[in-house]
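Analysis of the macromolecular model
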Amino acid sequence: MRPTRRGYTVGIVVLGALALGALFGARALDAVVIPGALALVAAAVQVWRAPTPEVQRTLPPADVPGVTGTVEVTLDAPSSYPATVRDRLPPSIDSGASGGAQAVSSGDAGGASTATHEAVVAGATDADVTYEITPQRRGEHELGPVSVVVTDVLGLLKRTTTVDERDGLVVFPAVGVLSEGVQADLRTLTQSPRANRREEFDDLREYVRGDALRDVHWKSSAKRGNLMVREFTAEADPDQVRVVAGIESSRGADREHTTASKSTTAVGEAADTADDAADTMAEAAATVCLSLLRDGASVALTTPSGCVEATPGTTRPLLDHLAVAGAGPVPTRESDVVVVADGESASIRFDGREHRFEELTTGAGDTAAPTAQEVTG
């Protein structure tokens, strides 16, 4: 418990009045001393008895970087009292003014920014408080803990209580819009020879009406006296397009070499470069995969962070995967489309050709966030 600025002012006035009364015997100063002292005592009792509230945070829906959403913080306590909520934010999330909120950042002695970044909202325990956030980068960002600053009704004293309430906000990679020509080229992947070919021979069975004559095994039919047809192993999903994505291998080698050096600054710069490349990879992969899904194809995506499959209408697992996919070399797996990032640019390889990702989109400013239907499936 500590005084506020107003509390310090009242305390100084009370002490000054006491000192003057002791020196000059002015009883008139009691009119200042007694009310001031009673106010401080009442404030101390109120703040001391204020129960710690339960905190619940409601986050905005997952979206892409640059989209502003509203965070709602609910304080639940047996009694109502004034309180200020200080919600800890990661550096990658900006806080804007909403409902009396203000962003507070601190720095070290050299002026460099630190991880201390808060949204400060004035309110009370009987009302919800809100503030706006704007994520600047994809990923899963942790919000919290929450500091609740309790004050008395006169604002003389305050007590800070930390509630360890943390929530993760998922931010999807930005999604570009492919040109119509590129979308048409990708669409042909689902009618590729791979999709139309039949797999390996599996077994023989008797002919039934409707079987193709080309599948009749005439040699076995002659031996058994009945028409026998060949069966083939069925492909699980002939319309599934296999996509692999990663970082150019030389980038990974450069990063390992730099990490082995003694320069802390160089290590940090290498890590930032790898993160930028991973963001570029995720954006290009999301753009390609969502384009395929919108055209009705299913997608099997492999990145350095693992594998995920998606079908039209159930894209959330794919977007969640790309939100946190890290840097790494391109996976060595059979694929129809290969996405390779090299810093702030990427290339897309399919159908025996390689294209720069920037050349495939309809324009630098033409980006589209996933729709709610695509996200929730």
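Scroll up to find the structure this text is about.
Remember, it's a predicted structure, so these values are computed and weren't measured experimentally.

Below, the discussion takes up the pairing of strand β11 (residues 157-163). With burial as the criterion, only one face of β11 is covered, namely that bearing L157, R159, T161 and V163; the residues K158, T160 and T162 on the opposite face remain uncovered. Across 2 bridges, strand β1 (residues 2-3) lies against β11 in antiparallel orientation. Bridge pairing links R2 to K158 in β11. In terms of strand pairing, strand β10 (residues 146-151) meets β11 through 6 bridges, oriented antiparallel. Looking across to β11, one finds that V150 is bridged to R159.

Right, let's get into the sheet that holds strand β20 (residues 353-356). With mixed pairing, 6 strands are arranged side by side in an open sheet as β17-β16-β15-β18-β19-β20. Both edges of this open sheet fall to β17 (306-310) and β20, since each of them pairs with a single strand only. On average, each strand axis in the sheet is tilted by 20° relative to the strand beside it, whichever way the strands run. Relative to strand β19 (residues 346-350), strand β18 (residues 337-341) runs antiparallel, the two being bridged by 5 bridges. Considered in β19, the bridge of V337 is made with F350.

Considering the arrangement of structural elements, one finds S147 in strand β10. Leave out the neighbours within four places in its chain, and S147 touches T84, V85, R86, T160, T161 and T162.

Let us now look at helix α2 (residues 30-49). Under the 1.5 Å per step criterion, the end-to-end length of α2 is 28 Å for 20 residues, consistent within 8% with the ideal 28 Å. Of all the residues in α2, the buried ones are V33, G36, A39, A43 and V47. The buried residues of α2 occupy an angular sector of 140° when the element is viewed end-on, so they sit on one face. Exposed positions of α2 whose direction lies more than 90 degrees from the buried face are A31, L38, V41, W48 and R49. Summarising the contacts, the buried residues of α2 are in contact with α1 (5-24), β10 and β11.

Rules used in this analysis
- By convention here, each chain's residues receive numbers from 1 onward along its written sequence.
- Under the rules for a predicted model, residues below a pLDDT of 70 receive no local features and side-chain atom pairs below 80 are neither given nor counted, while totals for whole chains, interfaces and linings still include all residues.
- Water and hydrogen atoms were dropped before computing side-chain values, which therefore reflect all heavy atoms in the structure.
- Here's how the labels work: a residue is buried when its accessible area is under 20% of the maximum for its type, exposed when over 50%, partly exposed in between, all with a 1.4 Å probe on protein chains only.
- For the purposes of this entry, the term helix denotes a DSSP run of H or I that reaches at least four residues, the term strand denotes a run of E that reaches at least two, and both are numbered from the N terminus.
- DSSP calls a pair of strands paired once it identifies at least 2 bridges connecting them.
- Here an angle of 0 to 180 degrees is reported between the N-to-C directions of two axes, which are lines fitted to C-alpha atoms, with helices fitted over the stretch in contact.
- A contact between two residues is defined here by any heavy atoms of the two lying within 4.5 Å.
- An expected span of 1.5 Å times one less than the residue number is assigned to each helix.
- Here, the arc refers to the directions that run from the helix axis to the C-beta atoms.

All quantities given are derived from atomic positions and should not be read as evidence of function.
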